[in-house]
Amino acid sequence: MELYIVSDIGGTQIRVAAHDSSTLSCIDQKKIATQRQGQYPIQRLINLIRDISKDHILKAISIGVPGFLDLEKGIILNCPNIPGWVNFPIRQILTEQFNVPIYINNDANLAALGEWKYGIGQGHKNLLYLTISTGIGSGVIINNQLLLGTKGLAGELGHTTLEPNGPLCGCGQYGHLEALASGTAIKAYVEAQIESGRSSTLSGSINFQGNDIFLAARNGDSLAFEAYQRAGKYLGMAIANFLHIFNPSIVILGGGVTQVGDLLFKPTESSLRDHVIRPEYIDMLQLTKSSLGDDVGLQGALAYLVLNNGNQII
Ligand SMILES: [Zn+2]
């Protein structure tokens, strides 16, 4: 069988799926830890691709990477969660190994494509996708095309400045959306408030996680509840900015933090209404959860491959 291989690389896991290149149906899917003592992540990826494609003919590979890329050169400029992937020539390495077309893009860009092609974004010409987890990634589709910009670096909505004197962002700047509404930001806010003397059911627990904050909020803890209200306020403010720039018909929110549902969506919607400059921006707007869940990265990599490979199926 002739195969398309798609991969979603994260700081924790590498996921790979094999698709029949003529029907696009998925024939196999595997995942492994990204990092293991004594092995480079790139070698683990290569081994996994070899393993899933053995006994078949490889036609093309498409990969989503959680970092900044030079799309023209096929180089990962920086990948904060994967040590060593700085100015990393991933396309050249994989081309030498497999000698097939290699497509690489930012994982959130591909997730946007995945929702647009195979998920809840189908039929929308103008779409925004935001993944809210450790950080905030995003992808923008305008007139049925992924927005890439001059160097392929467009659509970094998580690094929009909302509070110039706000908290430090993962990128090194201050007051970005990511530093105010990501899972990391929500936890940091709760910790700082406890530190300053606020009482909370989380006060006694060491090293509580996002899920603990969610449970505390659901059980009536006012600080935990407020942390989501605050994140939603900034998220709504940011989305209002994005609506003014892109005027999409759908905004899709993915990532672990969106699992809390209304706790985040309600304050986000309310803040969005407060900050939008005309009601027409939100009249027909769908603000919704991702429909593809954990598979969004793989589906996006497949959509990207098919679009680039000149395949007539789509
Ligand atoms: Zn930032």
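As a further point, take the overall build of the protein. For the protein, the helix and strand inventory stands at 10 helices and 13 strands. For 314 residues, the compact-globule estimate of 2.2 N^0.38 gives 20 Å, and the C-alpha radius of gyration of the protein, at 20 Å, lies within 12% of that figure. Counting only C-alpha atoms and orienting by the principal axes, one finds that the protein spans roughly 60 × 50 × 35 Å. For the protein, buried positions account for 52% of its 314 residues. Surface exposure of the protein reaches about 14600 Å², of which carbon and sulfur atoms provide 48%. Mean positive and mean negative side-chain charge positions of the protein (22 and 26 charges, respectively) differ by 2 Å.

Turning our attention to the environment of Gly158. With respect to the helices, strands and loops of the structure, Gly158 is situated in the loop between β11 (145-146) and α4 (177-181). Sequence separation between Gly158 and Ser182 is 24 residues, and the spatial gap between their C-alpha atoms is 8.9 Å. Among all residues touching Gly158, those that are not within four sequence positions of it are Ile136, Ser138, His176, Leu177 and Glu178.

The next point concerns the sheet that holds strand β7 (residues 86-88). As summarised here, the arrangement of the three strands in space is β5-β6-β7, forming an open sheet in which the pairing is antiparallel. Bordering the open sheet on either side are β5 (68-70) and β7, each of which pairs with just one other strand. Within this sheet the neighbouring strands show an average axis-to-axis angle of 20°, counted without direction. Here β5 runs beside strand β6 (residues 75-78); their pairing, made up of three bridges, is antiparallel. Paired with Leu69 across the bridge in β6 is Ile76.

Moving on, we come to the coordination of the zinc ion. Donor atoms from the polypeptide that coordinate the zinc ion comprise His159 (ND1), Cys169 (SG), Cys171 (SG) and His176 (ND1), at 2.0 to 2.3 Å from the metal. Mapped onto the polypeptide sequence, the residues donating to the zinc ion form the spacing pattern H-x9-C-x1-C-x4-H. Here His159, found in the loop between β11 and α4, pairs with His176, found in the loop between β11 and α4; they are 17 residues apart in sequence, far enough to count as distant.

This paragraph deals with the domain arrangement of the protein. Under the domain assignment used here, the protein contains domain 1 (2-106) and domain 2 (120-291). The interface of domain 1 with domain 2 comprises six residues on the first partner and seven residues on the second. When the buried surface of domain 1 facing domain 2 is broken down by residue, Phe68, Leu71 and Asn105 rank first, second and third, together holding 63% of it. Taken together, domain 1 and domain 2 are joined by zero residue pairs in polar contact (both at pLDDT 80 or more). At the level of secondary structure, the elements contributing two or more residues to the side of domain 1 that touches domain 2 comprise β5 and β8 (102-106). Each residue belonging to the side of domain 1 that touches domain 2 can be placed in one class, and the counts come to four nonpolar, two polar and no charged.

Turning our attention to the sheet that holds β8. Strand order in the open sheet made by the five strands is β3-β2-β1-β4-β8, with mixed pairing throughout. Of all the strands in the sheet, the pair left with one neighbour each is β3 (26-33) and β8. Going across the sheet, the axis of each strand differs from the next one's by a mean of 15°, ignoring polarity. One ladder, built from seven bridges, connects strand β1 (residues 2-9) with strand β2 (residues 13-20); its direction is antiparallel. Across the sheet, residue Val6 finds its bridge partner in β2, namely Ala17. Sheet strands touched by helix α3 (residues 107-118): β1, β4 (57-65) and β8. Its angle to β8, the strand with the most contacts, is close to 100°.

The next subject is the pairing of strand β9 (residues 127-132). Burial analysis of β9 places six of its six residues in the buried class, which makes it a mostly covered element. Burial of the side chains of β9 extends over both faces: Leu127, Tyr129 and Thr131 are buried on one face and Leu128, Leu130 and Ile132 on the other. Two strands pair when backbone bridges link them, and β9 and strand β10 (residues 136-142) are joined in this way by six bridges, in the antiparallel orientation. Directly across from Ile132, in β10, lies its bridge partner Ile136. With antiparallel pairing between neighbouring strands as the criterion, β9 and β10 make up a hairpin whose turn holds three residues.

A few words on the pattern of salt bridges. Once their charged atoms are close, side chains differing in charge can pair, the charge on each being opposite to the other. Counting across every chain of the model gives seven salt bridges. Across the salt bridge formed by Asp295 and Arg15, the nearest N and O atoms sit 2.7 Å from each other. You can see Asp295 sitting in the loop between β13 (286-289) and α10 (296-308) and its partner Arg15 sitting in strand β2, a full 280 residues away along the chain. The salt bridge involving Glu280 is made with Arg278; its shortest N-O contact spans 2.8 Å. The partly exposed category is assigned to Arg278, whose relative accessible area is 45%.

Ranked by internal contacts, the top residues of the largest apolar core, which has 45 residues, are Tyr228, Ile239, Phe242, Val251 and Leu253. Residue assignment for this core shows that the elements contributing at least two residues are β9, β10, α4, α5 (183-195), α6 (210-218), α7 (222-246), β12 (250-254) and α8 (262-275). Per-element accounting of this core gives the leading share, 14 residues, to α7. Apart from residues lying up to four places away in sequence, Leu253 is in contact with Leu130, Ile132, Leu235, Ile239, Thr258, Phe265, Leu287, Thr288, Lys289 and Ser290. Ranked by size, the runner-up nonpolar core spans 29 residues in total, among them Leu45, Leu58, Val65 and Phe98.

Rules used throughout
Residues numbered from 1 in each chain as written. Predicted model: local features only at pLDDT ≥ 70, side-chain atom pairs only at ≥ 80, totals over all residues. Heavy atoms only, no water. Helix = DSSP H or I, 4+ residues; strand = E, 2+ residues; numbered from the N terminus. Rg over C-alpha atoms; globule rule 2.2 N^0.38 Å. Buried < 20%, exposed > 50% of the residue type's maximum accessible area, 1.4 Å probe, protein only. Areas by Shrake-Rupley, 256 points an atom, 1.4 Å probe, with all protein chains shown as cover. Lys, Arg positive; Asp, Glu negative; His and termini not counted. Charge placed at Lys NZ, Arg CZ, Asp CG, Glu CD. Contact = heavy atoms within 4.5 Å. Pairing = 2+ DSSP bridges. Axes fitted to C-alpha atoms, helices over the stretch in contact; angles between N-to-C directions. Donors = N, O, S within 2.8 Å, 3.2 Å for Na, K, Ca; no water. Domains from an automatic or database assignment. Buried area = accessible area lost by both parts, 1.4 Å probe. Polar contact = N/O pair within 3.5 Å; in protein donor to acceptor, adjacent residues only side chain to side chain. Nonpolar A, V, L, I, M, F, W, Y, C, P; charged D, E, K, R; others polar. Salt bridge = Lys/Arg side-chain N within 4 Å of Asp/Glu carboxyl O. Core = buried A, V, L, I, M, F, W, Y, C linked by side-chain atoms within 4.5 Å.

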